[in-house]
Amino acid sequence: MLTCDHYLSPASLADALAAAAAAPDFRFVAGATDLLPWAREGRAGDVHVPVMIDVANIPELKEVRVAEGRVWLGAATPLQRFLDHVDLIGAMPGMPDCAIWFADSQIRESATIGGNIVNASPAADGIPPLLTANAVVELAALRAGAVRRRRMPLADFITGPGRTVAERDEIVVGIACDALNGYGGAFEKVGHRRSLVISTVCLSVVVRIGAEEALEDVRLAVGGVGPVPKRMTEIERALTGHPLTSDGLREVAGLCDGFVRSRSRQDYRKSVVPGFLRRGLVKAMRRAGASAAMGAIAEEVADD
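Analysis parameters
- Residues numbered from 1 in each chain as written.
- Predicted model: local features only at pLDDT ≥ 70, side-chain atom pairs only at ≥ 80, totals over all residues.
- Heavy atoms only, no water.
- Core = buried A, V, L, I, M, F, W, Y, C linked by side-chain atoms within 4.5 Å.
- Buried < 20%, exposed > 50% of the residue type's maximum accessible area, 1.4 Å probe, protein only.
- Helix = DSSP H or I, 4+ residues; strand = E, 2+ residues; numbered from the N terminus.
- Contact = heavy atoms within 4.5 Å.
- Pairing = 2+ DSSP bridges.
- Axes fitted to C-alpha atoms, helices over the stretch in contact; angles between N-to-C directions.
- Phe/Tyr/Trp six-rings, centres within 6.5 Å; stacked < 30°, edge-to-face > 60°.
- Lys NZ or Arg CZ within 6 Å of the ring centre and 35° of its normal.
- Polar contact = N/O pair within 3.5 Å; in protein donor to acceptor, adjacent residues only side chain to side chain.

Draft legend 1. Representation of the nonpolar core. M92, L130 and L154 are the most contacted members of the largest nonpolar core, which totals 59 residues. In terms of residues, this core owes the most to one element, strand β10 (residues 171–178), which gives 6 residues. Ignoring any residue separated from it by four or fewer positions in sequence, one finds L130 in contact with L73, M92, M95, I113, I117, A135, L154, I175 and C177.

Rendered as structure tokens:
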């Protein structure tokens, strides 16, 4: 059971930070789609939060902007926006598939992108697509009576399972990302069920096709295979700058084992990641405008 002594719903970031500063023991929540099942299903026993500060209705944390090659996502942006916000669909092509597999529509309307980051699960679905967009996290805290803001790459923000560099009273305000208009994107995921489940492995792919169908930019990130989701930079470098070949794709698929660092089911995960890489590339390349011949190369290797 989840209980609290005081439930607060501040109307501004400053009010939320002031409430946190005044409370010796508190917790920020937004959609609470991780916290509620955690308490309700008894995984944490009875959970009591003296002061619960719900930030879901703070306007600044709900802002979404796409302009001048950048995307701004307020931390309380629901996952559903990646399926119904036209500008986001164009600028973040790795996210729509992720949102579909994340949960059903009711959960997607409550679960927030900021909460997914702060929860810092190794299998968090939203993190690999953000890594491929070079996401930067903005945090705020009250210091000496003023709001202090700082930014850092998402890759540096998460330090391990359930761990981040956020200080006790810091709140994630939002995430700044590259706008990836013109790219094709895909997201692959497997768990104990096909959807509505925690990922055992997930992988995000975004691709831009250049002249003579060279892979001008390739960005890959994998989750569920180690303590934190990671960019697959070695494979990105091997694929970038030239057209895809079947031999080249087979070669990079052989590099996937090096990214699997999980303590359990390593053999299974090592068998899944290369398939996700091939299948994700096929989808992303098609969506980026690759010719049928290019798609056929990836499909040929996918059938190995």
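Draft legend 2. Highlighting the sheet that holds strand β14 (residues 230–231). Overall, antiparallel pairing links the 4 strands, which are arranged β11-β12-β13-β14 in an open sheet. Looking at which strands have only one partner, the edges of the open sheet turn out to be β11 (184–190) and β14. Alignment of strand β12 (residues 201–209) against strand β13 (residues 215–223), held across 8 bridges, turns out to be antiparallel. Within the sheet, the bridge partner assigned to V207 lies in β13 and is V218. Strands β11, β12 and β13 of the sheet are contacted by helix α12 (residues 266–287), whose axis makes an angle of about 155° with β11.

Draft legend 3. Structural view of the environment of A19. Along the chain, the position of A19 falls in helix α1 (residues 13–22). Between the alpha carbons of A19 and P122 there is a distance of 30 Å; along the sequence they are 103 residues apart. Contact partners of A19, with chain neighbours within four places excluded, come to L8 and I53.

Draft legend 4. The arrangement of the packing of aromatic side chains in detail. Taken as a whole, this structure holds 1 aromatic pair when the rule is applied. Note on F26 and F28: the rings are 5.1 Å apart at their centroids and 70° apart in plane angle, and the pair reads as edge-to-face. Judged by its relative accessible area of 11%, F26 falls in the buried class. Taking NZ or CZ as reference, R265 lies 4.6 Å from the ring centre of Y268, over its face.

Draft legend 5. Region of the structure containing the environment of K283. Relative to the elements of secondary structure, K283 occurs in helix α12. As a C-alpha pair, K283 and V206 span 77 residues in sequence and 9.5 Å in three-dimensional space.

Draft legend 6. Here's a closer look at the side chain of S204. Among the structural elements, S204 can be located in strand β12. Discounting residues that sit within four places of it in the chain, S204 has contacts with G94, P128, P129, T132, A186, F187, R219, L220 and A221.

Draft legend 7. Local environment of the pairing of strand β6 (residues 136–143). The pairing of β6 with strand β7 (residues 146–153) spans 8 bridges and is antiparallel. When the bridges of β7 are listed, A140 appears paired with R149. The turn joining β6 and β7, which pair antiparallel and follow one another in sequence, is formed by 2 residues; a positive phi near 55° is taken by A144. Here β6 pairs with β10 via 5 bridges, running antiparallel. The residue bridging V137 from the neighbouring strand is I175, located in β10.

Draft legend 8. Spatial organisation of the side chain of D169. Looking at where D169 falls in the secondary structure, it is placed in the loop between β9 (163–164) and β10. Looking at D169, the relative accessible area reads 16%, which means it is buried. Polar side-chain contacts of D169 include one of 2.8 Å to the side chain of R143. In contact with D169, other than residues within four places in its own chain, are L17, F26, F28, A140, A141, L142 and R143.

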